[in-house]
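Residue-level structural notes
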There are 4 protein chains.
Amino acid sequence: MSTLSPEILSTLEAQGIELPSWAFGNSGTRFRVFATPGTPRDPYEKIADAAQVHRFTALAPSVALHIPWDKVEDYADLRRHAEDQGVTLGTINSNTFQDEDYKFGALTHHDERVRRKAIEHHFECIDIMDETGSRDLKIWLAEGSNYPGQNDMRGRQDRLQDSLQQIYAHLTDGQRLVLEYKFFEPAFYHTDVPDWGTSYAQVAALGDRAVVCLDTGHHAPGTNIEFIVMQLLRLGKLGSFDFNSRFYADDDLIVGAADPFQLFRIIFEVIRGGGLNSPDVAFMLDQCHNIEKKIPGQIRSVLNVQEMTARALLVDREALAVAQAENDVLAANAIFMDAFYTDVRPALADWREARGLPRDPMAAFGASGYQEKIEAERVGGVQAGWGA
Amino acid sequence: MSTLSPEILSTLEAQGIELPSWAFGNSGTRFRVFATPGTPRDPYEKIADAAQVHRFTALAPSVALHIPWDKVEDYADLRRHAEDQGVTLGTINSNTFQDEDYKFGALTHHDERVRRKAIEHHFECIDIMDETGSRDLKIWLAEGSNYPGQNDMRGRQDRLQDSLQQIYAHLTDGQRLVLEYKFFEPAFYHTDVPDWGTSYAQVAALGDRAVVCLDTGHHAPGTNIEFIVMQLLRLGKLGSFDFNSRFYADDDLIVGAADPFQLFRIIFEVIRGGGLNSPDVAFMLDQCHNIEKKIPGQIRSVLNVQEMTARALLVDREALAVAQAENDVLAANAIFMDAFYTDVRPALADWREARGLPRDPMAAFGASGYQEKIEAERVGGVQAGWGA
Amino acid sequence: MSTLSPEILSTLEAQGIELPSWAFGNSGTRFRVFATPGTPRDPYEKIADAAQVHRFTALAPSVALHIPWDKVEDYADLRRHAEDQGVTLGTINSNTFQDEDYKFGALTHHDERVRRKAIEHHFECIDIMDETGSRDLKIWLAEGSNYPGQNDMRGRQDRLQDSLQQIYAHLTDGQRLVLEYKFFEPAFYHTDVPDWGTSYAQVAALGDRAVVCLDTGHHAPGTNIEFIVMQLLRLGKLGSFDFNSRFYADDDLIVGAADPFQLFRIIFEVIRGGGLNSPDVAFMLDQCHNIEKKIPGQIRSVLNVQEMTARALLVDREALAVAQAENDVLAANAIFMDAFYTDVRPALADWREARGLPRDPMAAFGASGYQEKIEAERVGGVQAGWGA
Amino acid sequence: MSTLSPEILSTLEAQGIELPSWAFGNSGTRFRVFATPGTPRDPYEKIADAAQVHRFTALAPSVALHIPWDKVEDYADLRRHAEDQGVTLGTINSNTFQDEDYKFGALTHHDERVRRKAIEHHFECIDIMDETGSRDLKIWLAEGSNYPGQNDMRGRQDRLQDSLQQIYAHLTDGQRLVLEYKFFEPAFYHTDVPDWGTSYAQVAALGDRAVVCLDTGHHAPGTNIEFIVMQLLRLGKLGSFDFNSRFYADDDLIVGAADPFQLFRIIFEVIRGGGLNSPDVAFMLDQCHNIEKKIPGQIRSVLNVQEMTARALLVDREALAVAQAENDVLAANAIFMDAFYTDVRPALADWREARGLPRDPMAAFGASGYQEKIEAERVGGVQAGWGA
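Note that residues are indexed from 1 along each chain, following the sequence as it is written. As they are written, the chains are lettered A onward and the ligands numbered 1 onward, keeping that order. Where local features are concerned, this predicted model is filtered to residues with pLDDT of at least 70; where side-chain atom pairs are given and counted, the filter is 80 or more; whole-chain, interface and lining totals use all residues. Derived side-chain values reflect all non-hydrogen atoms in the structure, with water molecules and hydrogen atoms excluded from consideration.

- Per an unreviewed UniProt entry, chain A goes by the name L-rhamnose isomerase/sugar isomerase and belongs to Microbacterium immunditiarum.

Listed below in structure tokens is the structure:
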């Protein structure tokens, strides 16, 4: 008898995790970006790699794009290419951190020329969304300042609201604006959207189709992230996740790698709050495979999310409610931990097999010869990367 | 010529910092509370001590009370006692952390009996406010849980809102509900109001007379507190400060002792946002003098706030705006630091003298004999403290 | 076939985790200590409770004492009492934080009278060790300062070394001095032994029988604790563990409760470095059951350590070495995680049963009636607690 | 009458702060490196820029080089160039993080070929030291791992010791090996020299001429850095400082910019421990001027160190000792703070003028035309930067 009930398996079947195109390009630290053989050289190759993850796991049906990194001549053609590979195009991510003009800000900049340029970049993103059929425009602001006194934080906040209103007004029906927050980096004194409270206050002032993106690596040390998940779901403003993991700062490691139990608690709160398989809450990855191979890194990541979702679904919520009502701290915690410590992997392997998927997607990808093929074929040209 | 202009001195003259009655009682850590000779044994003696701080500084015109620690038979009499000493009664602080019933929660408790009791405690506080003439009811919740799974964070959040609505509805005209947040402690897994975002979302749902209290020691490591000050002022929800300082957690050290430059930046944002000497923003202390003498500890604290306010008022905001507009990072920072590094103490001493106050309030208090007097007189009885 | 090989089970059989007597007394935060029915009123009752943990788990054969909390007239009698209960007396912990004299320091104090008193307290502890047959004298210093300038950190460090030398010279053959470090609390500016480096430098200057105690809750946020475990084992100076867990500061939660994967990594490094079941490395608990029941809290704790040891023993170290040698990051990590995610609990339950122990020690203790018995019997008297 | 006594001024006159050549090249974050007009294109131009800092401040008599970034054909020629500019060549910094071979380690690598290459790189550095007349070889290791299980931390530690021994044996008379530690980055799970304890243990095993480098930005959040300064001076192992400042991680901001009071406390402990103007303790900068101008950024930095040294020298250590001996916490802290709050800038300006230096070095550099000159002249070629 399987550890996982038909209801749980049915829930898991509906799960989809969006992959970021840029995860397949090279990334690194300020000290060094190490190059990897076979790295894609254009958006088409990135999508082809992302499709491999879906092929071996059935977990990653869509790919997020980053503009301008993924600009192409013909988005309809890119869309067909994706569909040919069995995936769709998802969230459009804007970029206001790699242009010389944005050295001191973009949507918050005091110079109207720069701010106008940044706003219009988002208009362009929305135009692309119309072509790709994307619903979400995700905005991460790399803006802030490095030194006290360098800038007027209040004025920037007001200009940010104004910029967002202009962008929000430009959205077409059914599209959403998703505002990400981040504790610090690349700004080292103040960041214009540093915490969920700021993101929430900014999007609440825009309207119903403006929501918050929670990146699991973007918090102060010790932050109880599942509490924020709970709160944003309660307030109806949790729009999407950027999953990754961290030991120190925004390390962008594989989701679940640093603190598996934290991932369990986060997903439990997603379930508790009705966010699992809800159209309102997008699950995405946002990681940097600096030293490990990129396609298997992404396969490992979506499997980690799936396995942890299975564990979180195992929590006996009725028994938990009873123990909580009785203030039986140890019993409640034991019910919670029992699910976490259950090994769901054999049941998931059986289930994958039953669905015509490989029992072990990591091994199956390794045996597929795809990696060797791209290493041989993708010679010459410029490898994609942050900034490519 | 004084470092401080008549305008600055006039602004400083209007400044008032509320003292907490409990700062004069004994406090300590979970390891030990060390007793101090002369410690007050009742609210009357606490107010007498607080009045000393005002007498030597003209900076501390009011005293906050903590219920039930400061319960008396006759609040009109306590009020007269305060006025006789030259001070007024200020904020009323509720207490839902020292009753056996509150072991697992109070305003968030799933047991309606306990929650009702906690709500009614706040009704009692409001009744006392009517007698003392207090405007603000400050609520700090010590509630949360220690273990994952122990409690249902979402249900607690909903019950908290319901409890606050009942309390808010009980306020009389002109009174305010001030909700404090705290990162952790005494709960070690989740805290029901852990961050400004939660406090903001909770009070925003109540109404205009519900605001946030920012305790400078209640944040995650590395948090940019002046950013939160800016944001809450911008949102019209910064109701009060609890000033203290910290190196590690909620250390409750003397304000300005751990990071003077942070205090400078905070007060600069208060000024920038119109919060200085505004009736909307109450300045309070909330500290623990575990090892130092209590009355001079409070004198030192209000002087630290005054001195730092003077420095923050010295920032040449016009020149700063020019440097910021030119993206001249080093010039802007230099203008900011120039104010911080200016020694305002001689000018403040001159000014105090001109107003009939002691040049050196610490020395003057030491020479006054008050400390020796209370050490001699306050023998017997139970010293006040946390829980007394 | 069991998940756990005979070799692993044999290793687990040798495992012993020392319990602290004070875990059975009441503890709390600076805000409140909640009392629990049935709490011991003297060292005899504490040992009786500790023996219950061993009875149901066979994992906790010894009990650490805290002087003066556990002072008795006749240690030989206490020792017999322990042996009658099936346990032995273990580490002696000194206490230099609950005497009025130690407000500003003990082994580091500039006042020779106070320092002498603190040193002699340790002599007394050594005398007790001779009577109880204890090997280890564990020293945790609560010393430090709250304000910059308050004290001369360098002078204190030199006096600490002198004090420790005197104590070390007093040890009899086979006895050890174990020096614990702690990041902060109860001192909030500087702590005299704040990190492993200081503890290491201090004990290295004493001699071979002076070693370091690593309390898992005593580090700065983000610290890689297993690295320190590795390093201290490498340097031959890891004397003992104080196990507990934390989300924020020194929360003293149940070991494994906050970050199970961290505990796994720590125990893996213990095994890697030869510290498991080594006479040189004592495994102890040091936790505070503020809101949960104390005896089952300790049972849960030793089971957590045992289960995690089983998982860590499952790591296929040969395969791991191969993957590491090939720089196959994902494969090495997968081998590591595979052990962590294996559910060892059924195999451990079978094994316990085979040894005549309860399959489910938590349930068996609950069904034993012991808790009800002590709640009925231990009425009157003063409950033990920190400071009792 | 000057705030600063002749003794203090005489001490300040002896102060020298080494500049890193790489501070004059472009730097940035993983998200973007913004280019600046006038950035040097080779080591000669870097030294010319560094010499400007010394010209306007008389505070920066030497320049540290980074190999291979600063490799030249003829070091004797580079040395003459430096001397012509009025400065000398200082510390040689090795680099084992920008070669493809070092992706998984260098001095710790399990592959003997890679480790040999890394060791020999240090031999080359020592050869260069012989030519430049440099005393110190500074080693910062970017090594570690990103995922638990990825590598064998213990084996790496042993190989590190072996590598260092080979390098140490290669030093010629009077040369020193200086080992830097860093909490994290670019490795995100474990770092091979993460803390002062590890650096201390490694260099203590080498010999007298191996010492520790303390970079003020390389600690866990909340770390009391001045305590480490005190301890390393006490142990005779503080070899050098890398000064910078931080709010979050290794932000590499201008020294004194984030927490001036921390810098004050650090320098006070340097003075207390005999490390000021001691040949044993080198003062260096290590910062990244990502958005501000580089030469004035360095001028600002050395002035910050000088001003803070002046303040720290003002502490009335006799009065402080008295207050400390009396356990007068508030008095001791007040004496300490009095020095910090004293405005030493006017006295320093007077003193500079008296020595033929500009009163305001920032303004004087701005007026010198040097910046405009290099912006006009340094067109074409490749700007220096990390990795250039």
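Now that the structure has been shown, we can carry on.
**A word on the domain arrangement of chain A**
Residues and elements named next belong to chain A.
- Where each domain starts and ends comes from a domain assignment, either automatic or drawn from a database. Domain boundaries assigned for chain A yield domain 1 (14-313) and domain 2 (315-365).
- In this structure, domain 1 and domain 2 have C-alpha centres spaced 28 Å apart.
- Each side of the interface is counted separately: domain 1 has 24 residues, and domain 2 has 20 residues.
- When two components associate, each loses some accessible surface as probed by a 1.4 Å sphere; the sum of these losses over both components is called the buried area. Of the roughly 2000 Å² buried where domain 1 meets domain 2, counting both sides, 75% is carbon and sulfur surface.
- Among the residues of domain 1 in contact with domain 2, Phe56, Phe268 and Arg311 are the three that bury the most area, contributing 31% of the side total.
- Definition used for salt bridges: Asp or Glu carboxyl oxygen within 4 Å of a side-chain nitrogen of Lys or Arg. At the junction of domain 1 and domain 2, the tally comes to zero salt bridges.
- The helix and strand labels rest on DSSP assignments: H or I over at least four residues marks a helix, E over at least two residues marks a strand, and numbering proceeds from the N terminus. Going through the elements one at a time, helix 2 (43-57), helix 8 (260-272) and helix 9 (294-313) are the ones with two or more residues in the side of domain 1 that touches domain 2. Whether two residues touch is decided by their heavy atoms; if any such pair falls within 4.5 Å, the residues are in contact.

**Some remarks on the pairing of strand 10 (residues 282-285) of chain B**
All names here are of chain B.
- Here's how the labels work: a residue is buried when its accessible area is under 20% of the maximum for its type, exposed when over 50%, partly exposed in between, all with a 1.4 Å probe on protein chains only. Side chains of strand 10 alternate between two faces, with Ala282 and Met284 and Phe283 and Leu285 buried alike.
- Any two strands with at least two DSSP bridges between them are considered paired. The pairing of strand 9 (residues 238-243) with strand 10 spans four bridges and is classified as parallel. Residue pairing for strand 10: Phe241 is matched across the bridge by Phe283.
- A crossover counts as right-handed when, viewed with the strands pointing away from the observer, the path leading from the first strand over the helix to the second turns clockwise. Following the backbone out of strand 9, through helix 8 (residues 260-272) and into the adjacent parallel strand 10, one traces a crossover that is right-handed.

**Here's the deal with the interface of chain D and chain C**
- Across the contact, 54 residues belong to chain D and 54 residues belong to chain C.
- Between chain D and chain C, roughly 4300 Å² of surface is buried when both sides are summed, and carbon and sulfur atoms account for 59% of that area.
- At the boundary of chain D and chain C, one finds four salt bridges.
- Measuring nitrogen to oxygen at the nearest pair gives 2.9 Å for the salt bridge that ties Asp152 of chain C to Arg272 of chain D.
- For this analysis, a polar contact is any N or O atom pair within 3.5 Å, provided that within protein one partner can donate a hydrogen and the other can accept it, and provided that sequence-adjacent residues contribute only side-chain to side-chain pairs. The interface formed by chain D and chain C holds 24 residue pairs in polar contact (both at pLDDT 80 or more) in total.
- Contributing elements (two or more residues each) for the side of chain D that touches chain C: helix 5 (153-170), strand 7 (190-191), helix 6 (196-204), helix 7 (225-234), helix 8 (260-272), helix 10 (317-325) and helix 11 (329-341) of chain D.
- With seven residues, the single largest contributor to the side of chain D that touches chain C is helix 7 of chain D.
- Broken down by class, the residue content of the side of chain D that touches chain C amounts to 23 nonpolar, 21 polar and ten charged. Residue type decides the class: Asp, Glu, Lys and Arg count as charged, Ala, Val, Leu, Ile, Met, Phe, Trp, Tyr, Cys and Pro as nonpolar, and the leftover types, Gly among them, as polar.

**Regarding the sheet that holds strand 8 (residues 210-215) of chain A**
All names here are of chain A.
- On the basis of which strands lie adjacent, the open sheet formed by eight strands has the order 1-2-3-4-6-8-9-10 and parallel pairing. Each of the sheet's edge strands pairs with one partner strand only, and the pair in question is strand 1 (19-20) and strand 10 (282-285).
- Here, axes are lines fitted to C-alpha atoms. For helices the fit covers the stretch in contact, and angles between N-to-C directions go from 0 to 180 degrees. Against the sheet, helix 7 (residues 225-234) touches strand 8 and strand 9 (238-243), its axis set at about 165° to strand 8.

**Overview of the relation of the copies chain D and chain C**
- For the pair chain D and chain C, the superposition axis carries a translation of 0.0 Å, the fit reaches an RMSD of 0.0 Å, and the rotation angle comes to 180°. Such a combination of rotation and displacement between the chain copies is what one expects of a two-fold axis. Scanning chain D for the C-alpha nearest the rotation axis identifies Gly197 of chain D, at a separation of 2.0 Å.
- When you check the interface residues of chain D against chain C, 100% turn up at the interface there too, and the contact is symmetric in its surfaces. To superpose the copies, least squares is applied to the C-alpha atoms of every residue with a pLDDT of at least 70 in both.

**Some details on unusual backbone geometry**
- Cis geometry is adopted by the peptide bond preceding Pro68 of chain B, which originates at Ile67 of chain B and carries an omega value of 20°.
- Note that Pro68 of chain B resides in the loop between strand 2 (62-66) and helix 3 (75-84).
- Cis geometry marks the peptide bond from Glu185 of chain D to Pro186 of chain D; its omega dihedral reads 10°.
- With respect to the helices and strands, Pro186 of chain D occurs in the loop between strand 6 (176-180) and strand 7.
- Of note, the phi angle at Asn327 of chain A is positive, near 55°, even though the residue is not glycine.
- Along the chain, Asn327 of chain A turns up in the loop between helix 10 (317-325) and helix 11 (329-341).
- What makes Asn327 of chain A partly exposed here is its relative accessible area of 23%.
- The phi dihedral of Ala58 of chain C falls on the positive side, at around 55°, and the residue is not glycine.
- Along the polypeptide, Ala58 of chain C turns up in the loop between helix 2 (43-57) and strand 2 (62-66).

**Let's talk about the pattern of salt bridges**
- One pass over the structure, following the stated rule, counts 140 salt bridges over all chains.
- For Asp343 of chain A, the salt bridge is made with Arg345 of chain A, and the minimal N-O distance between the two is 2.9 Å. Accessibility classification places Asp343 of chain A together with Arg345 of chain A in one group, the buried group.
- Of the charged contacts in the structure, one is a salt bridge between Arg265 of chain C and Glu226 of chain C, with a shortest N-O distance of 2.5 Å. Residue Arg265 of chain C is found in helix 8 (residues 260-272), and its partner Glu226 of chain C is found in helix 7 (residues 225-234); the two are separated by 39 residues along the sequence. For the pair Arg265 of chain C and Glu226 of chain C, one class covers both residues: buried.
- Linked by salt bridges that have partners in common, Arg30 of chain A together with Lys182, Glu185, Asp250 and Asp252 of chain D make up one network.

**Brief notes about the relation of the copies chain B and chain A**
- Of the two same-sequence chains, chain B is brought onto chain A (RMSD 0.0 Å, axial shift 0.0 Å) by a rotation of 180°.
- An overlap of 100% is found between the interface residues of chain B and their copies at the interface of chain A, pointing to a shared contact surface.

**A look at the packing of helix 2 of chain A against helix 9 of chain A**
All names here are of chain A.
- Relative to each other, helix 2 and helix 9 sit at 45°, their axes nearing to 9 Å. As judged from the angle between their axes, helix 2 and helix 9 are oblique. The chirality of how helix 2 crosses helix 9 is right-handed. Of the residues in helix 9, those touching helix 2 at Asp49, Gln52, Val53 and Thr57 are Ile295, Gln298, Ile299, Val302 and Leu303.
- For the contact of helix 2 with helix 9, a count of residues per class yields five nonpolar, three polar and one charged. Should an angle fall under 35 degrees it is called roughly parallel, over 145 degrees roughly antiparallel, and 65 to 115 degrees roughly perpendicular, with every other angle called oblique. Each helix crossing is assigned a hand: it is left-handed if the near helix lies turned anticlockwise from the far helix by less than a right angle, otherwise right-handed if that turn is clockwise.

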